[in-house]
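# Structural characterization, general
Listed below are the residues making up each chain.
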Amino acid sequence: MTYANRSEIPAEYTWRLTDIYPDEAGWESALADVQEKAAQLAGYQGRLAETPASLREALLLFEQMEKELERVYMYAKLNLDVDNSDPKYQAMHDRALAVLFKIQEVSSFLTPEMTAMEPDTLHAWVYGDPALADFRHMADDVIRSRAHVLSAREEQLLAMAGPALESMDSAFTMLDSVDLKRGEVVDENGERVELTDGLFGKFRDSRDRRVRADAFRAMHTAFAGMGNTIAALYAGSVRADVFGAKARGYESCLDQALFADNLPRSVYTGLIQAVRAHLPAYYRYLELRRRRLGVEKLHIYDCYLPIVDVPDKEYTYEQAKELVREYLAPLGEGYRRDLDRLLAGGWVDVYETKGKATGAYATGVYGVHPYMLLNFVGQLGDVFTLAHEAGHCMHTYYSDTQPYMMKDYPIFLAEIASTVNENLLMRGMMGRCNLSTEEGKREKAFLINRFLEEFKGTVFRQTMFAEFELKVHEMAEKGEPLTGEVLCDVYGGLLRDYFGPEVEIDDYMRWEWARIPHFYNAFYVFKYATGFSAAAAITRGLLSGGEVGPYLAFLHAGGSDYPAETLKRAGVDMSTPAPVEEALAEFEAMLAELEGLLG
């Protein structure tokens, strides 16, 4: 269903932002209050270590300020996201953002001053004061991080250098989003069109092989044409990572990246080793793809379009809700009752309208409830998106049972609940396929193909990216050059390893690294692969009749502990290779089933 204007949409399909503030006057009052609290907090600078009372007062004031700031900012952002063209909400958002940045500056003294305290003193003051019970994990982390915190002057210098060290990311973003032209492609209708990222995604799935090949060639040739510039930017970003790690006394950039989540190096390197060991199964999937497409030699531009087709089917939003609710039954009646609250109306903004933010996301407002943004048009992908974002919302909803200072779950855990929901939906839809009919067999084959593609993109591809990042950072740490040709040699070698000897690697694909924005946020992408593996383990347990309690305990944990320890509550130990190995075994089992269905 589509609506020309937002005013036409029934209220139950839109956000109810009065749950945050009754009106804009309430928001204005809260905005003023949070600025007053920030002014009060500034008065504690230099005084945290004076007395236990000073520390208590400052931390409790900080908590109150942050809690209200979240509401202030989210009220403005959610209003803007449903109509980005509205100047009133543009102004509100800009004001809220300015206050957020100011408060980050005002409160920046807290961690350095706590770090400067004697560890025994900080521990005794926090653990000895019941009013500060919610800050114990924060204090433990400050004490743990102490070895990597520098003197006040050195910290000031690093902070001052931050904008310059991060400028490579900004420069790449401008080049990628504004300045770099992708060239032109002749589409399936013989029309010459300018290639954009959106059209590239469409052409990547084209049934016309010539269009796919032309789109890939144009895209990567365009980045190769700016290759020396992009190589200089990325090399600068990597060297900034090396500088930061050395300055803070870490053995390597990877060690620094893993430190915040208190993760062992084996989580990263073990992922790469396990995936490499199972690459023959991926090669087998690629060979099946080659046969289904009927091509003599598979190229990377052949590796994205579906290899099983089914007739298009449309779903209403109500049908999508019912499917999600039905197939999330393994999560228990309590979860489904809370899911019904989420989907009942007022928490989800469902339909696309002019000016609305694109895509989908879930967010939370502490003390209120989660909010979900969709642009629902009724395709199967929209049903899976609903399940995915509902997973995020429910994770946030349950995490908010934690005190405010321990509610935020880390990125390492962020995609698990959403992927569990997608997996349960996928398995449920597979289970209803009637395998006594050709239509039922094809439908199940289509769903398995979808799962294998998700696995390919989230585990195999992201692990290849992770290995590229590790190799390049290790080269920089040894002082080796990072020219465009060197980076292409590293990436080209990984393409050959991960796609296997039977896939043709066109020379322009060696430049694919140059268009991946995630590389400017080092050692981030591996979390997609580990999260997918953890979700697969949880799904298997739930579908085999395992108790839902441990998983719900994981959802309720928020940020009360380090992520690996939190995940153990759900019965998954990422310090061992078992979750990744078992996920890869599931890939192989699903591949075998697909081969059987397709004959």
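Read on for an overview of the structure. (Residues numbered from 1 in each chain as written. Predicted model: local features only at pLDDT ≥ 70, side-chain atom pairs only at ≥ 80, totals over all residues. Heavy atoms only, no water.)

Relative to the helices and strands, Ala231 resides in helix H11 (residues 227–247). Residues Ala231 and Asp241, 10 residues apart in the sequence, show an inter-C-alpha distance of 15 Å. Residues contacting Ala231, with those up to four places away along its chain left out, are Leu482, Thr483, Gly484, Leu487 and Trp513. (Helix = DSSP H or I, 4+ residues; strand = E, 2+ residues; numbered from the N terminus. Contact = heavy atoms within 4.5 Å.)

By secondary structure assignment, the location of Glu443 is in helix H20 (residues 438–477). Along the primary structure Glu443 and Gly346 are separated by 97 residues, whereas in three dimensions their C-alpha atoms are 34 Å apart. Beyond its immediate stretch of four places on either side in the chain, Glu443 contacts Val310, Arg432 and Cys433.

Taken as a whole and assessed by the stated rule, the structure comprises 44 salt bridges. Note that Lys568 and Glu565 form a salt bridge whose closest N and O atoms lie 3.2 Å from each other. One end of the pair is Lys568 and the other is Glu565, both in helix H24 (residues 563–568) and three residues apart, which spans about a single turn. Here the salt bridges do not stand alone but share partners, grouping Arg427, Arg540, Glu582 and Glu586 into one network. (Salt bridge = Lys/Arg side-chain N within 4 Å of Asp/Glu carboxyl O.)

Below, the discussion takes up the packing of helix H1 (residues 24–42) against helix H2 (residues 52–81). Look at H1 against H2: their axes get within 9 Å of each other, and the N-to-C directions meet at 150°. Judged by the inter-axis angle, H1 sits roughly antiparallel to H2. The way H1 lies across H2 gives a crossing that is left-handed. Counted together, Glu24, Trp27, Ala30, Leu31, Val34, Lys37, Ala38, Gln40 and Leu41 of H1 and Ala58, Leu61, Phe62, Gln64, Met65, Glu68, Leu69, Val72, Tyr75 and Ala76 of H2 form the full contact between these two elements. (Axes fitted to C-alpha atoms, helices over the stretch in contact; angles between N-to-C directions. Parallel < 35°, antiparallel > 145°, perpendicular 65-115°, else oblique. Left-handed = near helix turned anticlockwise from the far one by under 90°.)

Considering the arrangement of structural elements, one finds Lys456 in helix H20. Classification of Lys456 by relative accessible area gives buried; the value is 5%. With residues near it in sequence (within four places) discarded, Lys456 still touches Tyr282, Cys303, Tyr304 and Arg461. (Buried < 20%, exposed > 50% of the residue type's maximum accessible area, 1.4 Å probe, protein only.)

If you look at the biggest cluster of nonpolar residues, it comprises 159 residues, and the most contacted ones within it are Tyr317, Leu342, Phe468 and Trp513. With 17 residues, the single largest contributor to this core is H20. Counting 49 residues, the second largest nonpolar core, distinct from the first, contains Leu59, Leu61, Met117 and Phe135. (Core = buried A, V, L, I, M, F, W, Y, C linked by side-chain atoms within 4.5 Å.)

A few words on the packing of aromatic side chains. Counted by the stated rule, this structure contains 39 aromatic pairs. Taken together, a centroid distance of 5.6 Å and an interplanar angle of 70° make the contact between Tyr234 and Tyr520 edge-to-face. Taken together, the residues Tyr234 in helix H11 and Tyr520 in the loop between strand E7 (503–504) and helix H22 (526–543) connect sequence positions 286 residues apart. Tyr520 carries the same exposure label as Tyr234, and that label is buried. An angle of 50° between the planes, with centres 6.2 Å apart, marks the rings of Phe451 and Phe455 as tilted. Pair noted here: Phe451 and Phe455 are both in helix H20, with a separation of four residues, about one helical turn. Accessibility expressed as a relative area gives 6% for Phe451, which makes it buried. Above the ring of Phe259, the side-chain terminus of Arg144 is found at 4.0 Å from the ring centroid. Taking NZ or CZ as reference, Arg450 lies 4.3 Å from the ring centre of Phe384, over its face. (Phe/Tyr/Trp six-rings, centres within 6.5 Å; stacked < 30°, edge-to-face > 60°. Lys NZ or Arg CZ within 6 Å of the ring centre and 35° of its normal.)

What follows is about the environment of Pro563. Take Pro563: it is sitting in helix H24. Judged by relative accessible area, Pro563 falls into the buried class, the value being 2%. A sequence separation of 151 residues divides Pro563 from Phe412, and the C-alpha atoms of the two residues are 6.7 Å apart. Once residues within four sequence positions are removed from consideration, Pro563 is found in contact with Asp261, Pro410, Phe412 and Leu413.

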